[in-house]
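Listed below are the residues making up each chain.
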Amino acid sequence: MYLQLISKELRQVAIVSIFYCFSVYAVTIFIAPLQRLLIPEVTLFAALIFPPHGVRVLTAWFYGARSIAYLLIAAIFTHFVLFSSSDVTAKTWLSWVLISSVAWLSFEIIRLCGINLYKLKSNPTRNAWRSLILVGFISSILNSLGHNIIYAGEILPENTLGTLLAFIVGDTIGTFVCFIVIMLVFRFLAPRPTTISR
């Protein structure tokens, strides 16, 4: 029994890590280079389209508080796969803990307001997806404020507001893009009705 539970947890961690790593890779290859040409002072800290935030929201929705551990492992895995030459500092660890917990915190804030979005997992309607976008927006604000505190000494004062907005816009739009991609994938993989020729 314990082996089955451990196997299940490891499988879930692997799935989250692969999706998270792939989405970060997409940002690194496609989005960041273009943004670097347009607004280089913001690109160092935030991408204006950041689908990995959508992975965070979905992970928190499916796994609740356990998502913090899953996403922390995913962040560490992604770092060593894609950015192994970069140093790991105390600020890096603080950033990993922050990004791993903001989505779950947002779900809990909404739950304390009387709306339990976890119940929508059994029947994900269009309204459920809209609610998840709201979670993405709230968690993007927490993420933005947290990163501005963590990297306060590295962000120029004149770039503070731009960086705040970049996190909020990037995480929110990234969540929307992530959901669109997932829906398209599910639609593509869905079994198609067969026609019988006469």
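Just so you know, these numbers come straight off a predicted model, no measurement behind them.

Caption draft 1: Seen up close, helix α5 (residues 90-112). Taking 1.5 Å of rise per residue, 23 residues should cover 33 Å, and α5 covers 32 Å from first to last C-alpha, within 8% of that figure. Most pronounced at serine 101, the bend in α5 amounts to some 35°. Glycine 114 lies just past α5 and shows a positive phi near 100°.

Caption draft 2: Representation of the packing of aromatic side chains within the structure. For the coordinates displayed, the defined rule picks out seven aromatic pairs. Between tyrosine 63 and tyrosine 70 the ring centres are 5.0 Å apart and the planes differ by 75°, which places this aromatic pair in the edge-to-face class. Neither tyrosine 63 nor tyrosine 70 differs from the other in exposure class; each is buried. With a centroid separation of 4.9 Å and 80° between ring planes, the pair formed by tryptophan 93 and tryptophan 96 is classed as edge-to-face. Taken together, the positions of tryptophan 93 and tryptophan 96, both in helix α5 and three residues apart, correspond to about one turn of that helix. Members of the aromatic cluster, each reached through a chain of ring pairs, are Trp61, Phe62, Tyr63, Tyr70, Trp129 and Phe179.

Caption draft 3: The environment of leucine 134, seen in detail. As for its placement among the helices and strands, leucine 134 is situated in helix α6 (residues 126-150). Along the chain, leucine 134 and isoleucine 110 lie 24 residues apart, while their C-alpha atoms are 9.6 Å from each other.

Caption draft 4: Representation of the layout of surface pockets. There is about 750 Å³ of room inside the second largest pocket. Elements with a minimum of two residues in the lining of the second largest pocket: α1 (2-38), α3 (52-63) and α7 (160-189). The leading source of residues in the lining of the second largest pocket is α1, at eight residues. Class assignment for the residues of the lining of the second largest pocket results in 23 nonpolar, two polar and one charged.

Caption draft 5: Expanded view of a nonpolar patch on the surface. On the surface, Met1, Tyr2, Leu3, Leu5, Ile6 and Leu10 cluster together into a nonpolar patch covering about 780 Å² of accessible area. On the secondary structure map, leucine 10 appears in helix α1. Leucine 10 gets classed as exposed once you look at its relative accessible area, which sits at 56%.

Parameters and conventions
- Residues numbered from 1 in each chain as written.
- Predicted model: local features only at pLDDT ≥ 70, side-chain atom pairs only at ≥ 80, totals over all residues.
- Heavy atoms only, no water.
- Helix = DSSP H or I, 4+ residues; strand = E, 2+ residues; numbered from the N terminus.
- Expected span 1.5 Å × (residues − 1).
- Bend = angle between axes of the 7 residues up to and from the residue.
- Phe/Tyr/Trp six-rings, centres within 6.5 Å; stacked < 30°, edge-to-face > 60°.
- Buried < 20%, exposed > 50% of the residue type's maximum accessible area, 1.4 Å probe, protein only.
- 1 Å grid on protein atoms, 1.4 Å probe; cavity = no way out; pocket = protein on both sides within 12 Å on 5 of 7 lines; lining within 4 Å.
- Points joined across faces, edges and corners; volume = space filled by probe spheres on them.
- Nonpolar A, V, L, I, M, F, W, Y, C, P; charged D, E, K, R; others polar.
- Patch = residues over 30% accessible without salt bridge, like charges linked within 9 Å, V, L, I, M, F, W, Y side chains within 5 Å.
- Areas by Shrake-Rupley, 256 points an atom, 1.4 Å probe, with all protein chains shown as cover.
- Salt bridge = Lys/Arg side-chain N within 4 Å of Asp/Glu carboxyl O.

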